[in-house]
Amino acid sequence: MQNSGKHSRFKLLYITMITFSLIVIFAGNVLASSITNGGFETGDLSGWDTFIPAGGSIIATNNPLSVEQFSMSPIEGNYFALIRSNSIANYYTALSQPFYASAGSKICGWAFFKTKDSYLGIYNDASLVVTKTGSAADNILFQESVSSVGDNGITPWKYWEYYFPASGTYTIEAKVANIGDRYNNSYIGIDDVKLITPAPVLSVPADITAEATGITTPVTLGEATADGILPLTITNDAPAEFPLGTTVVTWTAVDAYGNSASASQVVTIFDNTAPEITAAVEDGAEFTLNEPATFTWSASDGQSGLAAADCAYQSGAALDTSTVGEKTINITAVDNAGNTTVKAIKYYVRYSFIGLFSPVNPDARIYQSGSSIPVKFRLEDANGSCIKTATAAISYAPVDPSLYLIAQTTCNSRTIDPARFTGAKGPKAEVQLMVAETSEFFRFDEAKMQYIYNFSTAGFAAGEYDIKITLDDGTENIIRIILR
Ligand SMILES: [Ca+2]
Ligand SMILES: [Ca+2]
Ligand SMILES: [Ca+2]
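Residues numbered from 1 in each chain as written. Chains lettered and ligands numbered in written order. Predicted model: local features only at pLDDT ≥ 70, side-chain atom pairs only at ≥ 80, totals over all residues. Heavy atoms only, no water.

*Asks:* What should I look at first to understand the overall build of the protein in this one?
*Replies:* In terms of regular secondary structure, the protein is built from four helices and 35 strands. Per-residue burial for the protein yields a buried fraction of 40% across its 484 residues. Considering only intrachain contacts with a sequence separation of at least 6, the fraction spanning at least 24 residues in the protein is 67%. Total accessible area on the protein is roughly 24,500 Å²; 53% of this is exposed by carbon and sulfur atoms. (Helix = DSSP H or I, 4+ residues; strand = E, 2+ residues; numbered from the N terminus. Buried < 20%, exposed > 50% of the residue type's maximum accessible area, 1.4 Å probe, protein only. Contact = heavy atoms within 4.5 Å. Areas by Shrake-Rupley, 256 points an atom, 1.4 Å probe, with all protein chains shown as cover.)

*Asks:* Looking at this model, I keep getting lost on the environment of proline 231. Mind explaining?
*Replies:* Among the structural elements, proline 231 can be located in the loop between strand E14 (225–227) and strand E15 (233–236). If near-sequence neighbours (up to four positions away) are discounted, proline 231 is found in contact with Val254, Asp255 and Ala256.

*Asks:* Can you help me understand the sheet that holds strand E23 (residues 306–311) in this one?
*Replies:* Two orientations exist for strands paired in a sheet by backbone hydrogen bonds: parallel and antiparallel. Pairing is mixed in the open sheet, where four strands are placed in the order E20-E26-E25-E23. Two strands lie at the open edges of the sheet, namely strand E20 (285–288) and E23, each paired on one side alone. On average, each strand axis in the sheet is inclined to that of its neighbour by 25°, with strand direction left out of account. Of the strand pairs in this sheet, E20 and strand E26 (residues 340–350) are connected by four bridges, and their pairing is parallel. Note on E26: the bridge partner recorded for glutamate 286 is tyrosine 348. (Pairing = 2+ DSSP bridges. Axes fitted to C-alpha atoms, helices over the stretch in contact; angles between N-to-C directions.)

*Asks:* Teacher, can you tell me more about the coordination of the calcium ion (ligand 1) here?
*Replies:* By definition of the ideal shapes, a tetrahedral metal site with four donors has angles of 109.5 degrees and an octahedral site with six donors has angles of 90 or 180 degrees. Around the calcium ion (ligand 1), the protein contributes the donor atoms Gly39 (O), Glu41 (OE), Glu76 (O), Glu76 (OE), Tyr79 (O), Asp191 (OD) and Asp191 (OD), which lie 2.1 to 2.9 Å from the metal centre. Along the chain, the residues that donate to the calcium ion (ligand 1) are spaced as G-x1-E-x34-E-x2-Y-x111-D. Residue tyrosine 79 is located in the loop between helix H2 (65–68) and strand E3 (80–84), and its partner aspartate 191 is located in strand E10 (residues 186–196); the two are separated by 112 residues in the primary sequence. In this structure tyrosine 79 comes out as partly exposed when scored by relative accessible area, which is 27%. Overall, aspartate 191 belongs to the buried group, its relative accessible area being 0%. (Donors = N, O, S within 2.8 Å, 3.2 Å for Na, K, Ca; no water.)

*Asks:* It is not clear to me how a nonpolar patch on the surface should be interpreted in this structure. Could you clarify?
*Replies:* Together, Phe51, Ile88 and Tyr91 line one region of the surface with nonpolar side chains, adding up to about 280 Å² of accessible area. Among the structural elements, tyrosine 91 can be located in the loop between E3 and strand E4 (93–101). (Patch = residues over 30% accessible without salt bridge, like charges linked within 9 Å, V, L, I, M, F, W, Y side chains within 5 Å. Salt bridge = Lys/Arg side-chain N within 4 Å of Asp/Glu carboxyl O.)

*Asks:* Would you explain the pattern of salt bridges in this entry?
*Replies:* Side-chain pairs of opposite charge can arise whenever the charged atoms involved come near each other. Under the defined criterion, the tally for this structure stands at 13 salt bridges. Between lysine 132 and glutamate 173 there is a salt bridge, with the nearest N and O atoms lying 3.1 Å from each other. Residue lysine 132 is located in strand E6 (residues 126–132), and its partner glutamate 173 is located in strand E9 (residues 168–177); the two are separated by 41 residues in the primary sequence. The class for lysine 132 is partly exposed, based on a relative accessible area of 25%. Take glutamate 173: its relative accessible area is 12%, and that puts it in the buried class. For the salt bridge of aspartate 138 with lysine 175, the shortest nitrogen-to-oxygen distance reads 2.7 Å. Note that aspartate 138 is positioned in the loop between E6 and strand E7 (139–145) and lysine 175 in strand E9, a separation of 37 residues in sequence. Of the residues examined, aspartate 138 reaches a relative accessible area of 29% and is grouped as partly exposed. Each of the salt bridges in this network shares a partner with another, and the network as a whole consists of Lys132, Asp138, Glu173 and Lys175.

*Asks:* I'm lost on unusual backbone geometry in this one. Help?
*Replies:* What you tend to see is this: most non-glycine residues have negative phi, and most peptide bonds are trans. Following glycine 355, the chain continues to leucine 356 via a peptide bond in cis, the omega torsion being -5°. The residue asparagine 37 is not glycine, and still its phi comes out positive at about 55°. The topology assignment puts asparagine 37 in the loop between helix H1 (2–29) and strand E1 (49–51).

*Asks:* I'm lost on the coordination of the calcium ion (ligand 2) in this one. Help?
*Replies:* Looking at the metal site, the calcium ion (ligand 2) is ligated by Asp117 (OD), Asp125 (OD), Asp125 (OD), Asn178 (OD1), Asp181 (OD), Tyr183 (O) and Asn184 (O), spaced 2.2 to 2.9 Å from it. Mapped onto the sequence, the residues coordinating the calcium ion (ligand 2) show the spacing D-x7-D-x52-N-x2-D-x1-Y-N. Here aspartate 117, found in the loop between strand E5 (106–115) and E6, pairs with asparagine 184, found in the loop between E9 and E10; they are 67 residues apart in sequence, far enough to count as distant. On the accessibility criterion, aspartate 117 (1% relative accessible area) is buried.

*Asks:* So what exactly am I meant to see when it comes to the packing of aromatic side chains here?
*Replies:* In this description, an aromatic ring pair is defined by two values, namely the gap between the centres and the angle between the planes. Scanning the entire structure with this criterion turns up 24 aromatic pairs. Their ring planes at 40° and their centres at 4.3 Å tell us that phenylalanine 164 and tyrosine 170 sit as a pair that is tilted. For tyrosine 170, a relative accessible area of 10% puts it in the buried group. Taken together through their ring pairs, the aromatic side chains of Phe353, Phe377, Phe442, Phe444, Tyr451 and Tyr453 make up a single cluster. We note lysine 114 situated over the ring of phenylalanine 70; from NZ or CZ to the ring centre the distance is 5.8 Å. If you follow lysine 175 out to its NZ or CZ, it ends over the ring of tyrosine 92, 5.3 Å from the centre. (Phe/Tyr/Trp six-rings, centres within 6.5 Å; stacked < 30°, edge-to-face > 60°. Lys NZ or Arg CZ within 6 Å of the ring centre and 35° of its normal.)

*Asks:* Sorry if this is basic, but what is going on with the nonpolar core here?
*Replies:* When a protein is soluble and globular, its nonpolar side chains tend to lie buried together. Of all hydrophobic cores here, the largest spans 45 residues; its most connected members are Phe295, Leu319, Phe377, Phe442, Phe455 and Ile481. Broken down by secondary-structure element, the contributors of at least two residues to this core are E20, strand E25 (325–335), E26, strand E29 (372–380), strand E30 (392–398), strand E33 (450–456), strand E34 (463–471) and strand E35 (476–483). Other than its neighbours up to four places away in sequence, phenylalanine 442 contacts Val375, Phe377, Ala392, Ala393, Ile394, Tyr451, Ile452, Tyr453 and Ile469. (Core = buried A, V, L, I, M, F, W, Y, C linked by side-chain atoms within 4.5 Å.)

*Asks:* What am I meant to see in the sheet that holds strand E17 (residues 245–254) here?
*Replies:* Here we have four strands laid out as an open sheet, ordered E12-E18-E17-E15, and mixed in their pairing. Across the chains shown, the open sheet's two edge strands, defined by having one partner strand only, are strand E12 (208–211) and E15. Taken over all neighbouring pairs, the strand axes of this sheet differ in orientation by 20° on average, direction set aside. Summarising the sheet, E12 and strand E18 (residues 260–270) pair through four bridges and their orientation is parallel. Note on E18: the bridge partner recorded for glutamate 211 is phenylalanine 270.

*Asks:* I tried to follow the confidence of the model for the protein on my own but got confused; where do I start?
*Replies:* Low-confidence regions, as indicated by low pLDDT, have predicted coordinates that should not be scrutinised in detail. The pLDDT averaged across the protein works out to 85; a share of 85% of its residues lies at or above 70. The low-confidence segment residues 403–439 (pLDDT under 50) makes 68 contacts with residues lying over four places distant or belonging to another chain. (pLDDT = per-residue confidence, 0-100.)

Here it is as structure tokens:
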């Protein structure tokens, strides 16, 4: 039991030592990268360590006159620290604070020295502001003594600073001592001590301009890099996908001590391409009256995507072929960037033209001038039903305009009014036929279920003529005849 107990105590000691060392390491890691209460505005020495031998003192004060018989105002705020030498020769009264500084950080502050001593060649009371690193010699930032200020002398507030070439744990210390005797104290005042840590240096990827691949667009931003106190974290506020237009992405780097730097990357998403429209019916397509047909169409946008598409037809709906003539279907498509495509598709619905019936032959045929030529044809729809209600006009023109003029002057039995000579400019002067018939239109013959017009050539000069049948479905049929 006794042995075991000793053993246990040994173990406990061992564990305690290990724990202690771990705490020390941990404490070293969490040292602030700033100076606590560097301006003493708490009115006390919070955050600072003191070393005060007998006879010395350290106070936070706004004016030492009432306790030290000299006046000095703080250089910053309402308080500064005043350190008085002690009553032991060559022994410093010191105020200090440890901190962590990264390479490139700066510590700075203000100090003054006041002595009540006379130099006399030996009583050279001294004051210092130093940085300390482990066992290394003090690195002096401020140094004054009786010999530099003279008997009972005082300096003004003096600025001091120091840049740390390497990252590490340091201590800032201000101190003052009686030198050569232990009388006639001296003082160092200190105020506005600050550690200024450089922010991380952040480099962000180049700005990006990309074409939309949808209403939002995924973008590979690239990588940002940062230099600073490790570990560094780099974040950005980019959305998962980018909307159209310009988005500013803010990158932020934060170092191990919370110092941060930010920079921007601009992402621009564009869509300059209008939507595409396809339709199964091509522009200019022709259909027979009452032909069954459907109209299929679609719209798409390969960039920001389709916002809207509009057409009088649902895709796949029956195409209107119930009346003859020219028809127009309009389709409009708009993408999410506002680009618009408008497609107009014209199609034509025609009669099925059957004819001509004898005696007129579609090929050139010779007739006796003055004879009457029956022009006959039939119109059907796509189902073979006869169409009785079409409007069919007939007109003619001599193939040779000069011959036409001869026909006009030699035609005594019927006068062709020159005012009706509407197409005299062209090679085929064309005029509506005005003859003995009461109308220039075909009539429908119910008995034969066909359209008929007796084209009289009485008084026509010999020559070639074109007879034109104009239907209300927009088509024309031209027959060439020769008169002898
Ligand atoms: Ca202050
Ligand atoms: Ca002295
Ligand atoms: Ca587009």
